[in-house]
Amino acid sequence: VPELPEVEYAARTLRRAALGRRIVAAAAPSAGRRLFRPGTPAAVVRALAGARLAAVERRGKHLLLTLEARRGPLGLLSHLGMTGRWLARDAAAPAAPHARLTLRLQGGRALDYDDPRLFGRLRLVPGARFDAVPELAALGPDPLHDGVEAAWLEAALGRTRRPVKVALLDQRLLAGLGNIHAAEACWRARLDPRRRADRLGPARARALAAAIRASLRHALAAMEGPELVYVEAGGPNPFRVYAREGERCPRCRAAIRRTVQAQRSTFWCPGCQR
Ligand SMILES: [Zn+2]
């Protein structure tokens, strides 16, 4: 499932393949219409054809594409949901199997937005006024762009009594972590994911802030190939505890456990996380 590193990877793919280029044709089969709500695939195709990609930004797990269209700036907000990916290819090569939006670019390349399960979102933002989009305005700081400072993290987590791993999933607190990196960061910080967020103390907050940075850096470094395959779709598992229930902890050799918190699986090590 895409989290900050995978979305950052998508931003890089988009920039490398399409930045500065004009979209000569766009297509979106109606099977993917759910992704375009509350708009329609036809409206997105109409708006994007002929536009030039001027900027690609990432905020948390959101991609913000700014286009220069016939009638001025236009935004496209892309959220990858559970299975979304942006893939670049030669325009002559076959489209991705679950391509929901295909952009043919000036210069012979093409971009596919591929999303088998359709939990992603693709939405036009008039005037590229992303600041007027409520879900973006509500996001907390982005760990990659804004950093994660220990004192700030301790104060932010101090405002909730939820278990620390559950609090880390809250995009209003910190934008970009999901189920994988919240668990990985707790493991790296030797922190019990069930511990109350408002009872960390400065030493654990410091360890957690460093762990969040390290976990994201590790994942970004592992994504160098031309195409990304999510762990859940059979890709390699570069994580220390995520999806490793019953395996040995790489630090203390105890068996990794799976616990359910807020309806999500948490993987953690009872041997070394306190
Ligand atoms: Zn352990």
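Residues numbered from 1 in each chain as written. Predicted model: local features only at pLDDT ≥ 70, side-chain atom pairs only at ≥ 80, totals over all residues. Heavy atoms only, no water.

Engineer: Could you give me a rundown of the pattern of salt bridges, with the residues and numbers involved?
Structural biologist: As enumerated under the stated definition, the model contains 15 salt bridges in all. Between D90 and R109 there is a salt bridge whose closest N-O contact spans 3.2 Å. Taken together, the positions of D90 in strand β5 (residues 85–90) and R109 in strand β7 (residues 109–114) put the pair 19 residues apart, joining distant regions of the chain. By relative accessible area, which is 44% here, D90 ends up partly exposed. Accessibility expressed as a relative area gives 31% for R109, which makes it partly exposed. The partner of R258 in a salt bridge is E245, and the shortest N-O contact between them spans 3.6 Å. Pair noted here: R258 is in strand β9 (residues 257–261) and E245 is in the loop between α8 (201–222) and β9, with a separation of 13 residues, a long-range link. Given a relative accessible area of 39%, R258 falls into the partly exposed group. Via salt bridges that share partners, E8, R12, R58 and D142 belong to a single interconnected network. (Salt bridge = Lys/Arg side-chain N within 4 Å of Asp/Glu carboxyl O. Helix = DSSP H or I, 4+ residues; strand = E, 2+ residues; numbered from the N terminus. Buried < 20%, exposed > 50% of the residue type's maximum accessible area, 1.4 Å probe, protein only.)

Engineer: Give a detailed account of the coordination of the zinc ion, specifying residues and quantitative values.
Structural biologist: Protein coordination at the zinc ion: the donors are C249 (SG), C252 (SG), C269 (SG) and C272 (SG), at 2.2 to 2.4 Å from the metal. Note that the zinc ion binds four donor atoms; their angles at the metal cover 95 to 119°, and the shape is tetrahedral. Written as a sequence motif, the donor residues of the zinc ion are C-x2-C-x16-C-x2-C. Of this pair, C249 sits in the loop between α8 and β9 while C269 sits in the segment after β10 (264–268); the two residues are 20 residues apart in sequence, bridging distant segments of the chain. (Donors = N, O, S within 2.8 Å, 3.2 Å for Na, K, Ca; no water. Tetrahedral: all angles 85-135°; square planar, octahedral: opposite > 155°, others 65-115°.)

Engineer: Can you tell me about the pairing of strand β6 (residues 99–105), naming the residues and giving the values?
Structural biologist: The buried count for β6 comes to six of seven residues, which makes it a mostly enclosed element. With four bridges connecting them, strand β1 (residues 23–27) and β6 associate as antiparallel partners. Bridge pairing in β6 places I23 opposite L105. When β6 meets β7, the two strands line up antiparallel, connected through five bridges. From the neighbouring strand, T102 faces β7, where its bridge partner is D112. (Pairing = 2+ DSSP bridges.)

Engineer: Give a detailed account of the nonpolar core, specifying residues and quantitative values.
Structural biologist: Core analysis: the biggest nonpolar cluster contains 36 residues, and L48, L63, L80, W86, L101, L103 and L111 have the highest contact counts within it. Mapped onto this core, the elements with two or more residues apiece are α1 (4–18), β1, α2 (41–48), β2 (52–59), β3 (62–69), β4 (72–79), β6 and β7. For this core, the element with the highest residue contribution is α1, accounting for seven residues. Beyond its immediate sequence surroundings of up to four residues, W86 is in contact with A10, T13, L14, L63, S78, L80, L101, L103, L111, D112, Y113 and L122. Among the nonpolar cores identified, the runner-up in size contains 25 residues, and A189, A197, L208 and A211 belong to it. (Core = buried A, V, L, I, M, F, W, Y, C linked by side-chain atoms within 4.5 Å. Contact = heavy atoms within 4.5 Å.)

Engineer: Can you lay out the packing of aromatic side chains for me, pointing to particular residues and giving the numbers?
Structural biologist: Counting across every chain of the model gives three aromatic pairs. Measuring from ring centre to ring centre gives 5.3 Å for W86 and Y113, while their planes differ by 55°; the resulting arrangement is tilted. In this pair, W86 is assigned in strand β5 and Y113 in strand β7, connecting sequence segments 27 residues apart. Taking the relative accessible area as the measure of exposure, W86 reaches 3% and is therefore buried. Centre to centre, the rings of Y242 and F267 are 5.4 Å apart; their planes meet at 75°, and the pair counts as edge-to-face. Remark: F267 occurs in strand β10 and Y242 occurs in the loop between α8 and β9; sequence separation between them is 25 residues. The exposure classification of Y242 matches that of F267, with both residues buried. Put simply, the rings of F239, Y242 and F267 pair up and form one aromatic cluster. Sitting over the ring of W187, R251 keeps its end group 4.0 Å from the ring centre. (Phe/Tyr/Trp six-rings, centres within 6.5 Å; stacked < 30°, edge-to-face > 60°. Lys NZ or Arg CZ within 6 Å of the ring centre and 35° of its normal.)

All quantities given are derived from atomic positions and should not be read as evidence of function.
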